[in-house]
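What follows is the residue order along each chain.
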Amino acid sequence: MEYWNPACECMDRDEMTRIQTERLIETVKRVYFNVPSYRNKMQQKGIEPGDIKTLDDLKKLPFTYKQDLRDNYPYGMFAVPLSEIVRIHASSGTTGKQTVVGYTRKDLDTWAEVTARTLACAGTDKSSFIQIAYGYGLFTGGLGIHYGAERIGASVIPISGGNTKRQLQIMKDFGTTILACTPSYALYMAEEMEEAGIKKEDLHLKAGIFGAEPWSEQMRDEIERRLGILAIDIYGLSEVIGPGVASECKYKCGLHIHEDHFIPEIINPETEEVLPPGSLGELVFTTITKEGLPLIRYRTRDITSLIYDICKCGRTSVRMNKVSGRTDDMIIIRGVNVFPSQIESVLLDLGETAPHYQLIVDRVGKLDMLEVRVEMTQYMFSDQVRNIENTEKKIRNAIESTLGISAKVKLVEPKSIERSEGKAKRVVDNRKI
Amino acid sequence: MVKQISVFLENKSGRLANVTRTLGMNNIDISALSIADTTDFGILRLIVNDPDKAVDVLEQEGFTVAGTDVLAIAVEDKPGGLSEALTVLENNSIGIEYIYAFVGKCSNEALVILRVDEPHKAIEILGKNNIKVLEQEDVYKL
């Protein structure tokens, strides 16, 4: 199946602009009259709903931050009476309160629509067996994909996350064709598969939709090679709707944003200016169909850029590049912004497979020190100290030329860096500031 | 030539013990070993009686392991015995990467493991100079 909803996915630009404008104007009115937090912010800027007439007026509106959702915990940002809310999800906050999101019946319908489009991008159809290994529960990953898959009419295997041995057994026995999980968990499964003696030929997997964390092209190559599948990057965040905000198609050249529901902008996170098309910056979303929790210019903290030309697949929607990092996962070492994904690219350029790695930041005296721990692979190993020291030096030099700061590289034994079945922990910051 | 296995070790206590325990539990006998170490890591090099099985069991235990072909030679166990063999290599411009001795020995010969840059040439020259180069089978029987 090529498209789920060709009328929306391949809409011409004028028609899209007309629909977006109409929906934006309506959304701004709704939040102004129903959500005190939005009204106060707009009044502080001296803006009224009537000032928003075109898409270009979007930049006049104030930003919304995760902190706004926390300040209005739990339901203060909802734009409908609570009796209209039929589902509540929450994202675990590592700092402070959880971020609570509410869906009306229409929101759930929209969510199923956009995740159905996402799944169709990976070739999911009625005959597919989809194993959903994202967590079910308050996290939006599991249930979000679930409803999209049901809408398509695929056979849903709602296994949720964890218990890798059982995942692999079911994948093999139930004939799973589509796998949905985080990319790091997909790699973890591939490792466990090799240990369990299961070959990719024993499986029926065709494609995987992987998201919820940043991953590199090299990591994609490795997943595709080891599982023998098409690996598709998907993007979503619970505040905006959950999975289903954007998805790659089979051409893997950027993630199609479901623009008839979510308007993207790229801004400079420091100056908050809107950046010209193609610039790298922070992704900002405005939802234009959501009822329960509409968001105006929501700061995602994700770093990416937008692609405006039309994709080979025929979809006309604007695409976002793979997320290359987060403004808040970013660590600042000696004044330099460092994203773990930069280290990953360096390591993957050196060998044929992805070694596991971890960044350890510490402060010695007044100086920040970066140590990069890299697990020894067969590929890097040698019986001669000189060769291993050369590899170490190569990694150190590549990091230095990529980041502009020096780092200590420490090679460690395989599997000595902690693996998680969810998101990989790439940074340990021991600085006490 | 003789197959040597190398194991990557972090400089942490208990790692070497773990390797020897794994080999011991699988009835693998160590006949020579050496460690090259730096501040952060070490490379353990081993000659064992069943190198293929040793690689398997160590990899299962999570170690990074590599196999390398090395030379095993027997020199007379007397002052200057080793020097004779090394002089032959030097005269023929064969570089030695590393060298270590066997745990045991046979009769009045000392056994030495050599990693050189041109192993085939080294075997030929050592042979011509009447220095005994041991075969895999000879070593495993020790």
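For clarity, every value in this text was computed on a predicted model and none was experimentally measured.

What about the overall build of chain A?
Line of reasoning, step 1. Check the secondary structure of chain A and you find 11 helices and 21 strands.
Line of reasoning, step 2. Look at the contacts in chain A between residues 6 or more apart in sequence, and 66% of them connect residues 24 or more apart.

Description of the overall build of chain B
Line of reasoning, step 1. Across its full length, chain B carries 5 helices and 7 strands.
Line of reasoning, step 2. Reading the helices (α) and strands (β) of chain B from amino to carboxyl end gives β-α-β-β-α-β-α-β-β-α-β-α.

Focus: the sheet that holds strand β14 (residues 319-320) of chain A
All names here are of chain A.
Line of reasoning, step 1. Judged by pairing direction, the sheet is mixed, and its 9 strands sit side by side in the order β4-β3-β5-β6-β7-β8-β9-β14-β13 without closing on themselves. This sheet does not close on itself; its edge strands, each paired only once, are β4 (155-157) and β13 (306-307).
Line of reasoning, step 2. With 2 bridges joining them, strand β9 (residues 255-257) and β14 adopt antiparallel strand pairing. For His-256, the partnering residue across the bridge sits in β14 and is Arg-319.
Line of reasoning, step 3. On top of the sheet, helix α6 (residues 140-152) reaches β3 (129-132), β4, β5 (178-181), β7 (230-237) and β8 (242-248); it is set at about 65° to β8, its chief contact.

Considering the interface of chain A and chain B
Line of reasoning, step 1. Contacts between the two partners involve 15 residues from chain A, matched on the other side by 16 residues from chain B.
Line of reasoning, step 2. The dominant element in the side of chain A that touches chain B, judged by the number of residues it contributes, is strand β20 (residues 408-412) of chain A, at 3 residues.
Line of reasoning, step 3. Class assignment of the residues belonging to the side of chain A that touches chain B gives a composition of 6 nonpolar, 4 polar and 5 charged.

Let's talk about the pairing of strand β6 (residues 207-210) of chain A
All names here are of chain A.
Line of reasoning, step 1. Going residue by residue along β6, you find Ala-207 and Ile-209 tucked away on one face and Gly-208 and Phe-210 tucked away on the opposite face as well.
Line of reasoning, step 2. Pairing of β5 with β6 involves 4 bridges; the strand directions are parallel. Bridge pairing in β6 links Ala-180 to Ile-209.
Line of reasoning, step 3. Where the polypeptide runs from β5 across helix α8 (residues 183-195) and back to β6, its parallel neighbour, the crossover connection is right-handed.
Line of reasoning, step 4. Sheet topology places β6 next to β7; 4 bridges connect them, and they run parallel. Each residue of the ladder has a partner; that of Phe-210, found in β7, is Asp-233.

Remarks on the sheet that holds strand β19 (residues 367-375) of chain A
All names here are of chain A.
Line of reasoning, step 1. Within the open sheet, the 4 strands sit side by side as β20-β19-β18-β21. Their pairing is mixed. Bordering the open sheet on either side are β20 and β21 (427-429), each of which pairs with just one other strand. Between one strand axis and the next, the sheet turns through 20° on average, direction left out of account.
Line of reasoning, step 2. Where strand β18 (residues 357-364) meets β19, 8 bridges bridge the pair, whose relative direction is antiparallel.

Describing helix α7 (residues 164-173) of chain A
All names here are of chain A.
Line of reasoning, step 1. Along α7, the residues that are buried comprise Gln-167, Leu-168 and Met-171. The buried side chains of α7 occupy one side of the element, clustering within an arc of 95° when seen end-on. What points out from α7, more than 90 degrees from its buried face, is the exposed set Lys-165, Arg-166 and Asp-173.
Line of reasoning, step 2. Residues of α7 that are buried in the fold lie against β3 and α8.
Line of reasoning, step 3. Directly beyond the C-terminal end of α7, a positive phi value near 70° is found at Gly-175.

Some points on unusual backbone geometry
Backbone geometry follows two general trends: most residues other than glycine have a negative phi, and most peptide bonds adopt the trans configuration.
Residues and elements named next belong to chain A.
Line of reasoning, step 1. A cis amide bond, omega -5°, links Tyr-73 with the succeeding residue Pro-74.
Line of reasoning, step 2. By secondary structure assignment, the location of Pro-74 is in the loop between α4 (66-71) and β1 (85-91).
Line of reasoning, step 3. Phi at Ser-160 takes a positive value of approximately 65°, unusual for a residue other than glycine.
Line of reasoning, step 4. With respect to the helices and strands, Ser-160 occurs in the loop between β4 and α7.
Line of reasoning, step 5. The partly exposed category is assigned to Ser-160, around which 19 C-beta atoms lie within 10 Å.

Rules used throughout
Once a new chain begins, its residue numbering starts again from 1 and follows that chain's sequence as written. Here the convention is simple: chains get letters from A, ligands get numbers from 1, in the order in which they are written. Local features in this predicted model are restricted to residues of pLDDT 70 or higher, and side-chain atom pairs are both shown and tallied only at a pLDDT of 80 or more, whereas totals for entire chains, interfaces and linings draw on every residue. Note on conventions: DSSP H or I runs of at least 4 residues are helices, E runs of at least 2 residues are strands, and numbering of each starts at the N terminus. Residue pairs are scored as contacts if the distance between their C-beta atoms, which are placed from the backbone, is within 7 Å. Criterion used throughout: strands pair if DSSP finds at least two bridges between them. Axis angles are defined between N-to-C directions and span 0 to 180 degrees, where every axis is a line fitted to C-alpha atoms and, for a helix, only to the segment in contact. Ten residues, namely Ala, Val, Leu, Ile, Met, Phe, Trp, Tyr, Cys and Pro, are considered nonpolar, four, namely Asp, Glu, Lys and Arg, are considered charged, and the remaining ones, Gly among them, are considered polar. Any residue whose C-beta has 12 or fewer other C-beta atoms within 10 Å is treated as exposed, any with 20 or more as buried, and any in between as partly exposed, C-beta atoms being built from the backbone. Throughout, right-handed denotes a crossover for which the path from the first strand over the helix to the second runs clockwise when the strands point away from the viewer. Relevant arc is that of directions from the helix axis to the C-beta atoms, nothing else.

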